[in-house]
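# Structure assessment
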Amino acid sequence: HSRHSISILLLNAICSVMESKVRVVVRVRPFLGTEEPTSRCTSIQGNSLELSSTVQKTHYKFDSCYNQDSEQSQIFAEVSDSIGDVLSGINTTIFAYGMTGAGKTHTMQGNADNPGIIPRVAQRLMDLIEKQSGNTYDISVSYLEIYNEKVFDLLEPKAEDLHIRQDARHEIVIPGLSTQKISSFSQFDRVYRSGCLNRTTAPTSLNKESSRSHAILCLYVQHKEGDKLITGK
Ligand SMILES: Nc1ncnc2c1ncn2[C@@H]1O[C@H](COP(=O)(O)OP(=O)(O)O)[C@@H](O)[C@H]1O
Ligand SMILES: [Mg+2]
């Protein structure tokens, strides 16, 4: 029951965010082996999610809703248009929000057989750049983890906690955060995998408490059009 109340609070907060330029997509995951399938309390009709309790049914509208049968490729299709925007210098953020066990890691990272949004975005970005003739693009990546309110560089792990600052143009900057240049998907994949292994929640880590761990992977794209430098991330 408390899980249900928390979900309603989350859904109300998300619905108010949707008034802005943000697109919100809901993905319901399948029941896990340990869960009781008779306790299903969600159903999807079009882009509306119905949440039912013993006393009431409530409907929430989103930009799109996906049920437990959705494929990684369908979720990627929801965000893939924004990759072209980044090449024209428009910054984009894709993030997963939800309580522990909701499916954020599955959706964003996925696994080798069924890659999630992050590797698919990198692949598509590289494919798009390959198709542009005559332009040379600089692409780099940074990857950080926020754990227990501290910021750690996953690509160049050191013990120190990095600081998040805002510069004079109100851009978020993290002095000391490393970036690595990449020029192919396989280079990206190598960097990304090694970064994932450095997370406190990596399978090799003794720390299983994922709820306090957040990670931000950033891809920076830069190229020249005539004399003009176009940057997007
Ligand atoms: N859409 C999905 N299809 C199949 N299994 C999923 C799906 N979403 C999540 N899971 C499984 O549910 C469990 C919790 O998901 P996870 O992504 O680790 O949650 P989170 O990162 O939000 O804490 C994992 O075992 C994951 O493989
Ligand atoms: Mg996770």
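Residues numbered from 1 in each chain as written. Chains lettered and ligands numbered in written order. Predicted model: local features only at pLDDT ≥ 70, side-chain atom pairs only at ≥ 80, totals over all residues. Heavy atoms only, no water.

Where an unreviewed UniProt entry is consulted, the protein appears under the name Kinesin motor domain-containing protein, with the organism given as Vannella robusta. Recorded in UniProt for the protein, the comment headed Sequence similarities (unreviewed entry) runs: "Belongs to the TRAFAC class myosin-kinesin ATPase superfamily. Kinesin family." (UniProt positions renumbered as here; feature names shortened; annotations may be inferred.)

### Things to note about the site of ligand 1
If you check the shell around ligand 1, you find R27, R29, P30, L32, M99, T100, G101, A102, G103, K104, T105 and H106 and nothing else. For ligand 1, an oxygen atom lies 2.8 Å from a polar atom in the side chain of T105. Protein coverage of the free-state accessible area of ligand 1, which is 550 Å², stands at 69%. Per-class residue counts for the shell around ligand 1 are four nonpolar, five polar and three charged. (Near = heavy atom within 4 Å. Polar contact = N/O pair within 3.5 Å; in protein donor to acceptor, adjacent residues only side chain to side chain. Areas by Shrake-Rupley, 256 points an atom, 1.4 Å probe, with all protein chains shown as cover. Nonpolar A, V, L, I, M, F, W, Y, C, P; charged D, E, K, R; others polar.)

### A closer look at the layout of surface pockets
Considering only enclosed or pocket space, the second largest pocket measures out at about 230 Å³ in volume. Every residue along the wall of the second largest pocket is listed here: N91, D138, I139, S140, E171, K181, Y220, V221, Q222, T231, G232 and K233. If you list the elements that add at least two residues to the lining of the second largest pocket, you get β6 (137–147), β11 (213–225) and β12 (228–232). (1 Å grid on protein atoms, 1.4 Å probe; cavity = no way out; pocket = protein on both sides within 12 Å on 5 of 7 lines; lining within 4 Å. Points joined across faces, edges and corners; volume = space filled by probe spheres on them. Helix = DSSP H or I, 4+ residues; strand = E, 2+ residues; numbered from the N terminus.)

### Here we look at the pattern of salt bridges
One pass over the full model with this rule turns up eight salt bridges. One salt bridge in this structure joins E145 and R199, with 3.4 Å as the shortest N-O distance. Residue E145 is located in strand β6, and its partner R199 is located in the loop between α6 (185–197) and β11; the two are separated by 54 residues in the primary sequence. R199 carries the same exposure label as E145, and that label is buried. Salt-bridge contacts for D167 lead to R169; the nearest nitrogen and oxygen are separated by 3.9 Å. (Salt bridge = Lys/Arg side-chain N within 4 Å of Asp/Glu carboxyl O. Buried < 20%, exposed > 50% of the residue type's maximum accessible area, 1.4 Å probe, protein only.)

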